[in-house]
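One-letter residues, chain by chain:
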Amino acid sequence: MSAQSVSIIVTLGAVFFAIAVTLWAVRLTRSVREANLRWRRRAENLESKISHADSVFAAHPGLVMVWADAAGAKEGAWGAPRIYGSQVALGSMLKFAQTTAAVDPANGILEGLANYEARDSGGAETTLHQRLKALHSRGEPFSLTVIGPNGRFLEADGRAAGPQIVLWLTDSTIKGLEESGARGRLEELRHAIAKDPVAFIDMLSKAPQPVWRLSAGLKLEWANNAYLQAVEAQSLDDALDRQLVLDPGIKTLAKAVVESGDMHESVQTLVVGGKNRHYALSCFAVSGGVALIANDISTGEAMRENLQLQARAHDETLNHLADAVAVFSPEKKLGFYNTAFVHLFGLDENWLQTKPDHGDWLDFLRERRRIPEQAKFHEWKQAELAHYLEGADTETPDEMWPLPDGRILRVTRLHRPLGGLLFIFEDMTVQVNLKAQFTTLIDVQKATLNKLTEAVAVFGADGRLRLHNAAFETFWQLSSKDLLEGEPFDIIAKKCAGLQSDATYWAAMKARITDPDPEVRRHRTGEIKRVDDKVLTWLSHPLPDGASVVAWSDVTDSKQVEKSLKDRAEAIQAAADVKSHFVEHVSYQVRAPLTTISGYADLLEGGYAGPLNDKVKGPVDAIQAAAEQLATMLENILDVAAVEAGTLALDLKDVDPHAIIEGMVALVQTRAEQTRVHIKVDCPDDIGKLRADGPRLKQVLYNLMRNALTYTEAGGTIHVGAAEEDSLVRFWVADDGIGIDEEKRAQVFEEFESGSRGGAGLGLALVRSLIDLHGGLVSLESEVGKGTKVTCLLPRLAITDNAPPELQLRRPVPEVEGQSAP
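Definitions and limits used
Residue numbering note: each chain is counted from 1, following its sequence as written. Note on the predicted model: pLDDT of at least 70 is required for a residue's local features to be given, and 80 or more for side-chain atom pairs to be given and counted; whole-chain, interface and lining totals, by contrast, use all residues. Excluding hydrogens and water, the side-chain values take into account all heavy atoms of the structure. Pairing of aromatic rings covers Phe, Tyr and Trp, the last counted by its six-membered ring, and requires centre-to-centre distances within 6.5 Å; plane angles under 30 degrees mean stacked, over 60 mean edge-to-face, and any other angle means tilted. For the purposes of this entry, the term helix denotes a DSSP run of H or I that reaches at least four residues, the term strand denotes a run of E that reaches at least two, and both are numbered from the N terminus. Exposure categories follow from relative accessible area, calculated using a 1.4 Å probe and restricted to protein chains: below 20% of the type maximum is buried, above 50% is exposed, and the middle band is partly exposed. Nitrogen and oxygen atoms within 3.5 Å of one another constitute a polar contact, given that in protein one can donate a hydrogen and the other can accept it, and given that sequence-neighbouring residues count only through two side-chain atoms. Helix axes are fitted to C-alpha atoms over the stretch in contact, other axes to C-alpha atoms as well, and angles between N-to-C directions run from 0 to 180 degrees. These descriptions rest on fixed angle ranges, namely under 35 degrees for roughly parallel, over 145 for roughly antiparallel, 65 to 115 for roughly perpendicular, and the rest for oblique. Handedness of each helix crossing follows the sense of rotation of the near helix against the far helix: counterclockwise by less than a right angle gives left-handed, clockwise gives right-handed. Here, two residues are considered to be in contact whenever any of their heavy atoms come within 4.5 Å of each other. Strand pairing is defined by DSSP finding a minimum of two bridges between the two strands. We count a salt bridge whenever a side-chain nitrogen from Lys or Arg sits within 4 Å of a carboxyl oxygen from Asp or Glu.

**Student:** Explain the packing of aromatic side chains here, please?
**Tutor:** The relation between two aromatic rings is expressed through the spacing of the ring centres and the mutual angle of the planes. Under the definition given, this model contains 22 aromatic pairs. Relative to Phe489, the ring of Phe459 lies with its centre 5.2 Å away and its plane at 75 degrees, an arrangement referred to as edge-to-face. Of this pair, Phe459 sits in strand S18 (residues 455–459) while Phe489 sits in helix H19 (residues 489–496), and the two are 30 residues apart along the sequence. For the ring pair Tyr505 and Trp538, a centre distance of 5.9 Å and an interplane angle of 70 degrees mean the geometry is edge-to-face.

**Student:** Could you clarify how one ought to interpret the side chain of Arg696 in this entry?
**Tutor:** One can find Arg696 in helix H25 (residues 694–710). Taking the relative accessible area as the measure of exposure, Arg696 reaches 18% and is therefore buried. Of the polar contacts made by the side chain of Arg696, one reaches the side chain of Gln699; its length is 2.8 Å.

**Student:** Would you mind showing me how to read the packing of H19 against helix H20 (residues 503–514) here?
**Tutor:** When two helices pack together, their arrangement is given by the angle between their axes and by how far apart the axes lie. Direction vectors running N to C along H19 and H20 enclose 150 degrees, while the axes themselves pass 11 Å from each other. Put simply, H19 runs roughly antiparallel to H20. Considering how the two elements wind past one another, H19 and H20 form a crossing that is right-handed. For the pair formed by H19 and H20, the contact residues are Phe489, Asp490, Ala493 and Cys496 on the first element and Trp506, Met509, Lys510 and Ile513 on the second.

**Student:** What's the story with the sheet that holds strand S5 (residues 142–147) in this structure? I'm lost.
**Tutor:** Pairing between the strands of a sheet is mediated by backbone hydrogen bonds and can be parallel or antiparallel. Reading across from one edge, S2-S1-S7-S6-S5-S3-S4 is the order of the 7 strands in this open sheet, with antiparallel pairing throughout. Of all the strands in the sheet, just strand S2 (82–85) and strand S4 (125–126) have a single pairing partner and so form its edges. As paired strands, strand S6 (residues 153–161) and strand S7 (residues 164–171) are joined by 8 bridges and run antiparallel to one another. Counted as the bridge partner of Glu155 is Thr170 from S7. Helix H3 (residues 105–113) rests against strand S1 (62–67), S2, S5, S6 and S7 of the sheet, and its axis sits at about 110 degrees to S1.

**Student:** Any chance you could explain the pattern of salt bridges here in plain terms?
**Tutor:** Two side chains bearing opposite charge may form a pair once their charged atoms approach each other closely. A complete count under the given rule lists 26 salt bridges for this structure. The residue Lys381 makes a salt bridge to Asp363 at a minimum N-O spacing of 2.9 Å. In this pair, Lys381 sits in helix H16 (residues 377–385) while Asp363 sits in helix H15 (residues 358–367), placing the two residues 18 residues apart along the sequence. Overall, the relative accessible area of 14% leaves Lys381 in the buried class. The residue Asp545 makes a salt bridge to Arg466 at a minimum N-O spacing of 3.2 Å. Of the two residues, Asp545 is situated in the loop between strand S21 (535–542) and strand S22 (548–554) and Arg466 in strand S19 (residues 465–468); the sequence distance between them amounts to 79 residues.

Below you can see the structure in the form of structure tokens.
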């Protein structure tokens, strides 16, 4: 095919396509014109219907509000309904919106009418707000008669029209309906107010508590004088113009009442008259809004707070008590417990805070063995719980609970005025034990007093007899019937006057018993002689509890013995004086011949009559030794006599114990060598000084060492020593000689006694006397066949005052007390 043919074919195809498109466009344009014509006719028809409906709505003597859908009114809001109706009806209805703050006319009208009193077709009381809410949420239709202000009545009908909500509001006045029927219903509903409405309003106006009314839009509509005074308003008009409120938060409460229709109550603190006052607010719905009443409860609140403080203080006081306290409510629930309660029963506070039942608490304690063991626990438990059924004025005696762990509790139950029980648990374990011990002690004391030979009586501070023993009855020749407990002292004194008639004595004794002056009641003693020649010593002593104990003792026999002993002591003293004079006289008479004998013996030994041969020398030495021994014995006799006479005085100086021992050993060394006896010294060089009479101390050691040499056999050993012991110095001389029999040891320190050793027996007696004068002690240890040890213990700072006072006078030598050597 040629190119020209192809071009012709394409051109023809384009022409045919253009013709087809043109034909389709002409056909489509015609359809559109027909559709537009149909819609225009329909729109004109709808506009005619709307114009007709508007005319109908305009002729309706009320308003019609339409919500586009059922969810158009949200919770707490009126939504955005469209308003239809006559202008006259709209102008009439807008008066209800004047008391609200709404901008939209529909919302203002609804808010103004919502809470006025209304009646449904069945005569039930309700409000427009409640029925609209039910219509929007559940689709419930309604027909109401709303009772407006100034006697106006409105008819309200609500229906659901598909997804829309429609409300018809009709003012009966505009409809020209008869209002007498509606007023009749109002009169019937408010018959109490209708009888005298002026009096009712006057009563509210003069009420002492603030009363006021708010519209559904929360604007102040009316208030009484108390409210005006509280908000400091000059008049009701002033309060309405300025919309004065007690507190801004009250509107929140009123709004909740408007929305729910339920009465709300609350306690708020308001500033009234420049002071904080507590008010109990009651807010409740009324026709067209809400009414509020404020009751001043400041005094009650103050009393309540004070009561709470007192209750808290009471609880704190109970919590600090040492006794356990628990409070159970009338429902038998634990309401209060203190710390002592927790510790006494070892309870878990977390468990206690659950407020356990009284029965559960008993079961809990029983499981842990913290209540008395009961053979029939169930019956005992029921008896415990039965106390709740008793009256508040019922007195329940205290009980003692012996616990298994040995504790004893005293349980006190108190019925509370408002019901329930208060328990006090006191641990009486110590008290019971002490009481038992005290009772035992009293019994022991009574038994002890009855065993005494002395008469004992205890009188209280009031002078009445509390206690006496059997000896008291015997002493004063009375019977138990004559001495009743609580008997006054004066009566007892009269009964005793037969044996002691001195009224002054009994008066002074009563004063010591009853006078509160401590100086008068102090310890006193004395002696009386009764008419039967019995001699009694008495004492009165005050006791810590204010009582006084009086005791009498029969010392008649003691007085007689004392007189006998005194006479004997005087005789012994006279004999001792005679002995001392005799000793002094004999010693003096013997000293002169002895001096002559000793002098001639010395002359013979010195060669006065020529040289002495061995045969003559022996007797001369014997004469000298005997003379020396006799001289020593005479010195001892004189010293003993001086000590007994109290005329021997010590010349105290600082002396060296080591030097004294060395000197005495050197003095007897020659004799020790002659008798072949060894002497060993045990005394440190640095023993220190000793305050004593040096010559007398030498005399003591010399007598002890000479005594040891005399009774130590050849080859024996004598130990002489001194040692420091605290503030004392101990001297001792020990030998291994023949020893002393046990029954003779106590006599060796007595004058003219030498035990089993023979001799004059003055050396050790003098030792004892001289050591006593230094304030020291002498002890002796001896065993037959093993030797003897004499120990002298002297204070380092000895003075004559250190000696016992009786050592300064003539006295019998005390018995020897054995002591161990260091």
